[in-house]
Amino acid sequence: VQLQASGGGLVQAGDSLRLSCAASGRTFSSYRMAWFRQAPGKEREFVAAINWSGSSTYYADSVKGRFTISRDNAKNTVYLQLNSLKPEDTAVYYCAADSGYKLSTRISSYDYWGQGTQVTVSS
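As a starting point, this report considers the structure included with it. (Residues numbered from 1 in each chain as written. Predicted model: local features only at pLDDT ≥ 70, side-chain atom pairs only at ≥ 80, totals over all residues. Heavy atoms only, no water.)

### As for the overall build of the protein
Phase 1: A count of helical and extended segments in the protein gives zero helices and eleven strands.
Phase 2: The order of helices and strands in the protein, counted from the N terminus, is β-β-β-β-β-β-β-β-β-β-β.
Phase 3: Against the compact-globule benchmark of 14 Å for 123 residues, the protein has a radius of gyration of 13 Å, which places it among compact chains.
Phase 4: Overall size of the protein, expressed as C-alpha extent along the three principal axes, is 40 × 25 × 25 Å.
Phase 5: Here the protein holds 123 residues, and 46% of them are scored as buried.
Phase 6: The long-range fraction of contacts in the protein, counting pairs at least 24 apart against all pairs at least 6 apart in sequence, stands at 58%.
Phase 7: Just so you have it, the protein exposes about 6300 Å², and 45% of that area is on carbon and sulfur atoms.
Phase 8: For the protein, the separation between the mean place of its 13 positive charges and that of its 9 negative charges on side chains is 5 Å. (Helix = DSSP H or I, 4+ residues; strand = E, 2+ residues; numbered from the N terminus. Rg over C-alpha atoms; globule rule 2.2 N^0.38 Å. Buried < 20%, exposed > 50% of the residue type's maximum accessible area, 1.4 Å probe, protein only. Contact = heavy atoms within 4.5 Å. Areas by Shrake-Rupley, 256 points an atom, 1.4 Å probe, with all protein chains shown as cover. Lys, Arg positive; Asp, Glu negative; His and termini not counted. Charge placed at Lys NZ, Arg CZ, Asp CG, Glu CD.)

Okay, here's the thing in structure tokens:
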């Protein structure tokens, strides 16, 4: 599976963005997907995850109620809607995929990673 993340940009606090992650491969619809982020000087951290069908999602406490993860298996794409953005959301956002069944917040659970897309939120 190859993943291509896009949609990042420079926005002001309170604005919204939608990130996309396009996947290659016919098995996308069976993969659990997740978004992680890494701010300068910090470790990569979990943001959100979604199961293969989209029926189950899980969020980090820091983004719960502001971010929404979704997927379109017909388009082999997973999305992350970012609302009410804050300066502390500034980071490179990565999408990740794995054939596992249960949702996971662990970096080591995911075998495939996209190249990342930069989100910068100014105050």
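### Some words on the packing of aromatic side chains
Phase 1: Applying the stated criterion across every chain, the model contains six aromatic pairs.
Phase 2: Chaining the aromatic ring pairs together yields one cluster made of Phe36, Phe46, Tyr58, Tyr110 and Trp113. (Phe/Tyr/Trp six-rings, centres within 6.5 Å; stacked < 30°, edge-to-face > 60°.)

### What to know about the environment of glycine 8
Phase 1: Within the secondary structure layout, glycine 8 lies in the loop between β1 (3-6) and β2 (9-12).
Phase 2: Residues in contact with glycine 8, not counting those within four places in the same chain, are Leu17, Leu19, Thr117, Gln118 and Val119.

### Some remarks on the nonpolar core
Phase 1: Within the largest apolar cluster, 36 residues are counted, with the highest numbers of intra-cluster contacts made by Met33, Trp35, Leu80 and Tyr93.
Phase 2: Of all the secondary-structure elements, those providing two or more residues to this core are β1, β3 (17-23), β4 (32-38), β5 (45-50), β7 (67-72), β8 (77-82), β9 (91-98) and β11 (117-122).
Phase 3: Contact partners of methionine 33, with chain neighbours within four places excluded, come to Leu3, Cys21, Phe28, Ala48, Ala49, Ile50, Ile69, Arg71, Val78, Ala96, Ala97 and Tyr110. (Core = buried A, V, L, I, M, F, W, Y, C linked by side-chain atoms within 4.5 Å.)

### Focus: the sheet that holds β3
Phase 1: Ordered by their spatial adjacency, four strands build an open sheet running β1-β3-β8-β7, and the pairing between neighbours is antiparallel. Since the sheet does not close on itself, it has two edges, and those belong to β1 and β7, each with one partner. For this sheet the average axis-to-axis angle between neighbouring strands, irrespective of direction, equals 15°.
Phase 2: Pairing of β7 with β8, which is carried by six bridges, proceeds in the antiparallel orientation. Bridged to arginine 71 within β8 is valine 78. (Pairing = 2+ DSSP bridges. Axes fitted to C-alpha atoms, helices over the stretch in contact; angles between N-to-C directions.)

### Let's talk about the pairing of β11
Phase 1: In β11, alternate side chains face the same way, and those of Thr117, Val119 and Val121 are buried while those of Gln118, Thr120 and Ser122 on the opposite face are not.
Phase 2: Examined bridge by bridge, β2 and β11 share four bridges and lie parallel to one another. Within β11, the position partnered with glutamine 12 by the bridge is serine 122.
Phase 3: Note: β9 against β11, three bridges, orientation antiparallel.

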